[in-house]
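As a plain string of letters, each chain reads:
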Amino acid sequence: MKTSLLASDARTKKRNAAEARFKAYGLSAIVVAMLALAILLTSVLTNGLSSFQQTFISLPIELAEERVDKQGNRDPAEMARTTTIGYAPLLRAAIVAEVERQGLTTELSDKDLGDMISKEAAATVRNRVLANPDLVGETITFDLLAAGRIDGYFKGRVTLETAALDGNTSPEALMVAQALADAGVIETKFNWNFFTAPDASVQRPEAAGLGVAILGSLYMMLVVLFLALPIGVASSIYLEEFAPKNRITDIIEVNISNLAAVPSIVYGILGLAIFINFMEFNQSSPLVGGLVLTLMTLPTIIISTRAALKSVPPSIRDAALGVGASKMQSVFHHVLPLAAPGILTGTIIGLAQALGETAPLLLIGMVAFVREYPAAYTPEAGLFGEASTALPVQVYNWTQRSDPAFVERASGAIITLLVFLLIMNAVAIYLRRRFERRW
Amino acid sequence: MQSLTTPLLLIFALAVIGYFLAKSRALKVAGGDVRALVSLPNQHALNTALSTAVPPAAAVLLFALYARLSEGEPNWLFSLVILGLGVTGCALSLIGIKTETRARTYAERWILGLLIFASSIAIMTTVGIVFSMLFETFNFFGQYDWRDFFFSLTWSPNFRGDSDLGIIPLLWGTLYVSFIALLFAVPIGLFAAIYLSEYAGPRLRSVAKPAIEVLAGIPTIVYGLFALITVGPLLRDYFAEPMGFGQSASSVMTAGLVMGIMLIPFVSSLSDDIINAVPQAMRDGSLGLGATPSETIRQVVIPAALPGIVGAVLLAASRAIGETMIVVLGAGAAARLSLNPFEAMTTVTVKIVSQLTGDTDFASPETLVAFALGLTLFVITLGLNVFALYIVRKYREQYE
């Protein structure tokens, strides 16, 4: 049988087809991975971006003296006796008056109209009045939070059809809201409260914010930074520069690589058993959270610090020793400063990891509902001892609530978390590019 | 604990004072001529400061531990002891300052001690993990038969007592979710690694590699939320319900799929390292004999890298078994022994979370069971890790 070099035979064709198939598998694997990333990010973004916007109703409210300051002394202590329930009628009257002024006719009762305003709004007005008693008797225009369903309507989450089936709102209310929006009374604005306000109860998703969670995460990161960095660097220096090669240091090395792979929830159990049950630190405190995250981050920091120390060439050490420095001086005066960029990068990446960690924090009680901003130090609770939550735990917390408005909040919190992580990683990459030396 | 703050602050102040005293005393001893000293004044100062601060700090740590164990409160006597330690250390090191004193050596001994202490924290963490769980697990088995725990097929905790706490349904859920995750992650991760290291040009690599690594940097709560709000409803509406598998949005499939996405970068970066460690000469030999690139990869590179890849898969499996947030939000809470992947099942980690959050009573088996679950989880993942690291390490040495 004659064969030509120019025409490929059946076997070669088969082999080439197999080659092409194999390549296609590889490429499609990469495409699937990148697609998964894209879908993940779009899903979070589409669900969460709307949480950075919030619907407000701007209403002139008459702060009648007989309502808010019955004694008429303008004494904040006395005025504080009027609770938010006492302020609710003022708000209701204001929105009813506004609807009339706009010339809208509606079948809604006054109570239904009042329910278009968030239950949180009464507290906002009350706090403003208590902070400044001179406002009593005047008519002030407030930007009040709209109720969750109204807010949802302007974000497309609630429609006239779903409102008909909903006990908390009605299609008529949405139509009134639309008319008020057309008149410029209802506005959707950037939602600063989302970053500063504390969490809110299950009935008022529109008021829930990340203030306490961000503060708690910040405190924990401080604890991690101040404990994990020195301890991690010290133990890396010992293991890399001083430790004799023997059984014990071998055990420590194996131990550290295994600690890096221990499931995070096990650290939560450790924190619960040692720091809370045994040492009796406060439950839900950023101190305990920070300690647990420190132990979790240590292996990461140790591994990257050792890599950074290893990359400093031995000639640097030899030169220092040659001019009479001790081993310790050669390390602290020369090797450590040269390894610093690498150590810093590893630390930032370790911190980013710690910032997103959730599971161990659930076990040490950071899921609690906290509305008070935790203080960094109080004589009773000690340093970082006041109850708080953390960013990722707040996300978990919101996913456990039934109102769909909290899904938007949770996704918004995730976006905030991812932005923080992005910044940290960008700084780490910048530092590495800027200061890394190749020997 | 509070009563120890004042003496500790005093010790710290003393150390700072000692630092400057020692510095000036060293200069005085030398008669103003630094060259007469064996160690520089700064070294004397450092030695004094450390001699003042380190022993009392160590004593405080030891005493805090002792006070916790014996339920005692630190009293004035103890404050006196640590102050005494500090003053003695300060005085002794100050008196010891002479021209020929080797202060640098002494100071460095203190520092070395601190470094050793820092590296022992890793060991102490492991000991802490093991002991905290062992202790409560013993308590648990004192109240609940270990045979029932390991071999019972039902899990139904009941806070009025009389609970069935069998681990088998939980282990089944854990292994099922992990299996699906690996089924998804291993082929994709492996093929991605092969393509990136053997075929891809620098342009594609510079885009795809960081993109895959971004997946590794995303916190697991994000994956959990993704499972809850996107993947779960999607699978339910388009697969489970039309095919008659059930109506649950949280299912083994949901959690497994999302966990698979999480594991892709893990598998691919480990495999990448391992494939790159196979010597180029082996590829060249195969290509020189006329094999196509894919034949070379399948018949030469992969067999050579196989032990390492197995190690990587085992590490990924240990990750999957210990993963918490994705299964908490994606897999459900019902303990069930079923083969249907579209049904909600639960895992060991989910139950640890649910037994230890909310109201906990550390005397009841329903709470203590979480520690036994944690210990089981720890032992399984540790075993997988040790085995995997052993394989990976052994393989790496083969070609070096």
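What you see is a predicted model; the values in this text were computed from it and never measured.

Definitions and cut-offs
- Residues numbered from 1 in each chain as written.
- Chains lettered and ligands numbered in written order.
- Predicted model: local features only at pLDDT ≥ 70, side-chain atom pairs only at ≥ 80, totals over all residues.
- Helix = DSSP H or I, 4+ residues; strand = E, 2+ residues; numbered from the N terminus.
- Rg over C-alpha atoms; globule rule 2.2 N^0.38 Å.
- Buried ≥ 20, exposed ≤ 12 C-beta atoms within 10 Å, placed from the backbone.
- Contact = placed C-beta atoms within 7 Å.
- Domains from an automatic or database assignment.
- Nonpolar A, V, L, I, M, F, W, Y, C, P; charged D, E, K, R; others polar.
- Pairing = 2+ DSSP bridges.
- Axes fitted to C-alpha atoms, helices over the stretch in contact; angles between N-to-C directions.
- Core = buried A, V, L, I, M, F, W, Y, C linked by C-beta atoms within 7 Å.
- Expected span 1.5 Å × (residues − 1).
- Bend = angle between axes of the 7 residues up to and from the residue.
- Left-handed = near helix turned anticlockwise from the far one by under 90°.
- Arc of directions from axis to C-beta.
- Parallel < 35°, antiparallel > 145°, perpendicular 65-115°, else oblique.
- pLDDT = per-residue confidence, 0-100.

A few points about the overall build of chain B
Argument step 1. Helix and strand content of chain B: 14 helices and two strands.
Argument step 2. Over its C-alpha atoms chain B spans a radius of gyration of 30 Å, topping by over 25% the 21 Å that the globule rule assigns to 400 residues.
Argument step 3. Projecting the C-alpha coordinates of chain B onto the three principal axes gives extents of approximately 90 × 70 × 35 Å.
Argument step 4. Taken across its 400 residues, chain B has 47% of its residues classed as buried.
Argument step 5. Long-range pairs, those at least 24 residues apart, make up 75% of the contacts in chain B between residues at least 6 apart in sequence.

Re the overall build of chain A
Argument step 1. Within chain A one finds 19 helices and five strands.
Argument step 2. Against the 2.2 N^0.38 benchmark of 22 Å for 439 residues, chain A shows a C-alpha radius of gyration of 30 Å, more extended than a compact globule.
Argument step 3. Buried positions account for 45% of the 439 residues belonging to chain A.
Argument step 4. Intrachain contacts of chain A at a sequence separation of at least 6 include 78% that bridge at least 24 residues.

Remarks on the domain arrangement of chain B
Residue and element names in this part refer to chain B.
Argument step 1. For chain B, the assigned domains read domain 1 (2–140) and domain 2 (155–398).
Argument step 2. Using C-alpha coordinates to define each centre, domain 1 is positioned 46 Å away from domain 2.
Argument step 3. On the side of domain 2, eight residues touch domain 1, which itself brings seven residues to the contact.
Argument step 4. Along the lines of polarity and charge, the residues of the side of domain 1 that touches domain 2 split into four nonpolar, two polar and one charged.

Details of unusual backbone geometry
Only a minority of non-glycine residues have a phi that is not negative, and only a minority of peptide bonds are not trans.
Residues and elements named next belong to chain A.
Argument step 1. The backbone phi angle of Glu-280 is positive, close to 60°, even though this residue is not glycine.
Argument step 2. Tracing the sequence through the fold places Glu-280 in the loop between α13 (264–278) and α14 (286–310).
Argument step 3. What makes Glu-280 exposed here is the crowd of 10 C-beta atoms within 10 Å.

Digging into the sheet that holds strand β2 (residues 139–145) of chain A
All names here are of chain A.
Argument step 1. One open sheet accounts for three strands, arranged β2-β1-β3; its pairing is antiparallel. Each edge of the sheet is formed by a strand with only one pairing partner; in this case those strands are β2 and β3 (186–190). Between one strand axis and the next, the sheet turns through 35° on average, direction left out of account.
Argument step 2. As defined by bridge partners, strand β1 (residues 53–62) adjoins β3 across five bridges and the pair is classed as antiparallel. Each residue of the ladder has a partner; that of Gln-54, found in β3, is Lys-189.
Argument step 3. Contacts between helix α6 (residues 120–131) and the sheet are confined to β1 and β2, with β2 contributing the most and set at about 140° to the helix.

Considerations on the interface of chain A and chain B
Argument step 1. In this assembly, 69 residues from chain A lie in contact with 67 residues from chain B.
Argument step 2. Broken down by secondary-structure element, the contributors of at least two residues to the side of chain A that touches chain B are α1 (10–48), α11 (211–242), α12 (247–259), α13, α14, α17 (359–363), α18 (391–399) and α19 (405–435) of chain A.
Argument step 3. Grouping the constituent residues of the side of chain A that touches chain B by class yields 50 nonpolar, 15 polar and four charged.

Comments concerning the nonpolar core
Argument step 1. Among the nonpolar cores identified, the biggest contains 183 residues, and Ala192(B), Leu225(B), Val258(B), Val267(B) and Ala316(B) are the most heavily contacted of them.
Argument step 2. No other element matches the 18 residues that helix α6 (residues 168–199) of chain B contributes to this core.
Argument step 3. With sequence-adjacent residues up to four places away left out, Val267(B) is seen in contact with Ala185(B), Val186(B), Gly189(B), Leu190(B), Ala312(B), Val313(B) and Ala316(B).
Argument step 4. The next biggest cluster of nonpolar side chains, apart from the first, holds 37 residues, and it includes Phe56(A), Tyr87(A), Val99(A) and Val129(A).

So, α14(A)
Every α-helix carries 3.6 residues per turn, so stepping three or four residues along brings you back to the same face.
Residue and element names in this part refer to chain A.
Argument step 1. When the terminal C-alpha atoms of α14 are compared, their 34 Å separation across 25 residues agrees well with the 36 Å that a helix rising 1.5 Å per residue should span.
Argument step 2. Along its length, α14 shows its largest kink, about 35°, at Thr-297, and proline Pro-299 lies within four residues downstream of that point.
Argument step 3. Within α14, 22 of the 25 residues are buried, which leaves it mostly tucked inside the rest of the structure.

Some remarks on the packing of α14(A) against helix α16 (residues 327–355) of chain A
Residue and element names in this part refer to chain A.
Argument step 1. Running from N to C, α14 and α16 point in directions that differ by 150°, and their axes come no closer than 8 Å. Like other packed secondary-structure pairs, α14 and α16 cross with a definite hand, here right-handed. On the side of α14, the interface is formed by Leu-293, Met-296, Thr-297, Thr-300, Ile-301, Ser-304, Thr-305, Ala-307, Ala-308 and Leu-309, while α16 contributes Val-335, Ala-339, Gly-342, Ile-343, Gly-346, Thr-347, Ile-349, Gly-350, Gln-353 and Ala-354.

So, helix α3 (residues 76–95) of chain B
All names here are of chain B.
Argument step 1. In a regular helix each residue adds 1.5 Å, so 20 residues correspond to 28 Å; α3 covers 28 Å between its end C-alpha atoms and thus fits that length.
Argument step 2. Within the sequence span of α3, burial applies to Ile-82, Leu-85, Gly-86, Gly-89, Cys-90 and Ser-93. End-on, the buried residues of α3 take up no more than an arc of 120°, which puts them together on one face. Away from its buried face, by an angle of more than 90 degrees, α3 presents the exposed residues Trp-76, Leu-77, Leu-80, Gly-84, Leu-92 and Ile-95.
Argument step 3. Close packing links the buried residues of α3 with α1 (5–29) and α2 (41–70).

Let's talk about the environment of Ala277(B)
Residues and elements named next belong to chain B.
Argument step 1. Among the secondary structure elements, Ala-277 is positioned in helix α9 (residues 252–277).
Argument step 2. Exposure remark for Ala-277: the 15 C-beta atoms within 10 Å place this residue in the partly exposed category.
Argument step 3. Each C-alpha atom, one on Ala-277 and one on Ala-305, is 8.2 Å from the other, the two residues being 28 residues apart in sequence.

Here we look at the packing of α1(B) against α2(B)
All names here are of chain B.
Argument step 1. Relative to each other, α1 and α2 sit at 160°, their axes nearing to 7 Å. Considering the angle they form, α1 stands roughly antiparallel to α2. Here α1 runs over α2; the crossing is right-handed. On the side of α1, the interface is formed by Leu-8, Ile-11, Phe-12, Leu-14, Ala-15, Gly-18, Tyr-19, Ala-22, Lys-23, Ala-26 and Leu-27, while α2 contributes Pro-41, Asn-42, His-44, Ala-45, Thr-48, Ala-49, Thr-52, Ala-53, Pro-56 and Val-60.

Section: the confidence of the model for chain A
Argument step 1. Summing up the model confidence of chain A, the mean pLDDT is 89 and the portion of residues at 70 or higher is 99%.
Argument step 2. Per-residue pLDDT, averaged within each element of chain A, yields its smallest value for helix α2 (residues 65–68) of chain A (78) and its largest for helix α15 (residues 314–322) of chain A (95).

Things to note about the environment of Leu218(A)
Residue and element names in this part refer to chain A.
Argument step 1. One can find Leu-218 in helix α11.
Argument step 2. Since 17 C-beta atoms lie within 10 Å of it, Leu-218 is described here as partly exposed.
Argument step 3. Residues Leu-218 and Leu-355, spaced 137 residues apart in sequence, show a C-alpha to C-alpha distance of 8.8 Å.

Topic: the confidence of the model for chain B
Argument step 1. This prediction gives chain B a mean pLDDT of 89; 96% of its residues lie at or above 70.
Argument step 2. Quick note on the complex model: pTM equals 0.91, ipTM equals 0.91.

A look at the environment of Arg371(A)
Residues and elements named next belong to chain A.
Argument step 1. As for its placement among the helices and strands, Arg-371 is situated in the loop between α17 and β4 (377–378).
Argument step 2. Spatially, the C-alpha atoms of Arg-371 and Ala-18 are 62 Å apart, while their sequence positions differ by 353 residues.
Argument step 3. The contact partners of Arg-371, leaving out residues within four places of it in the chain, are Pro-198 and Asp-199.

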